[in-house]
Amino acid sequence: MTGGQIAGLIAAVAFAVLVLFIIFVLMRMMRTLGEVNKSISSITSDVDGLSNEVENILVKSNILLDDVNGKVATIDPLFQAVADLSESVSDLNDASRGLMTHVSATSKKAKDSSAFINVGKKAFSFYKNRKV
C-alpha cells in the first residue's frame with residue numbers, strides 16, 4: 001500500500017466515524033424532540049383546562065362583584081342614616097352644652113338674687129317685728 005492509499009483509508013475511516021457520530025447525535029435529537037413534543041402537547045392540554053377554569057372563575061367573580069355592589073347600594077342609605085344620626089347627636093351635645101352654660105349663668109344669678117331675697121326677708125321680718 002502506498003502512502004496515498006493509507007491516507008485515503010484513514011480519511012474513509014474518519015469519514016465513517018463522523019457519519020456514525022452524526023447518526024448517533026441525530027437519533028438522540030429525534031428522541032429528545034419526541035419528548036419535547038409530548039411535553040408540549042401535555043402542557044397545551046393542561047393550559048386549555050386551566051384557561052377554562054380561569055374563565056369560569058372570572059365569570060363567577062363578576063357575578064359575585066355585581067352581587068356585592070347591589071348589597072352595598074342597599075346598605076348605603078343605612079350609612080347615610082348613621083351619618084345623619086351622628087350629626088344630630090353632635091348638634092344635641094352642642095345644644096346641651098349651651099343649655100348647661102345658660103343654666104350655670106342663671107344659677108349664679110339666682111344665687112346672687114337669693115342673697116338679696118334673704119336680706120329682704122330679714123328686713124321685712126325686722127320691719128314686721130318692730131314695736132310701734
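Here the structure is shown first, and the text comes after it.
The rules behind these values
- Residues numbered from 1 in each chain as written.
- Predicted model: local features only at pLDDT ≥ 70, side-chain atom pairs only at ≥ 80, totals over all residues.
- Heavy atoms only, no water.
- Helix = DSSP H or I, 4+ residues; strand = E, 2+ residues; numbered from the N terminus.
- Rg over C-alpha atoms; globule rule 2.2 N^0.38 Å.
- Buried < 20%, exposed > 50% of the residue type's maximum accessible area, 1.4 Å probe, protein only.
- Areas by Shrake-Rupley, 256 points an atom, 1.4 Å probe, with all protein chains shown as cover.
- Lys, Arg positive; Asp, Glu negative; His and termini not counted.
- Charge placed at Lys NZ, Arg CZ, Asp CG, Glu CD.

### As for the overall build of the protein
1) Next: Tallying secondary structure elements over the protein gives one helix and zero strands in all.
2) Next: Its C-alpha atoms give the protein a radius of gyration of 53 Å, clearly above 14 Å, the size a compact globule of 132 residues would have.
3) Next: Reported as C-alpha extents along the three principal axes, the dimensions of the protein are approximately 180 × 40 × 15 Å.
4) Next: Scored against the burial criterion, the 132 residues of the protein give a buried share of 0%.
5) Next: Accessible surface computed for the protein: about 11900 Å², of which carbon and sulfur atoms make up 70%.
6) Next: If you average the places of the 14 positive and of the 13 negative side-chain charges in the protein, the two averages end up 32 Å apart.

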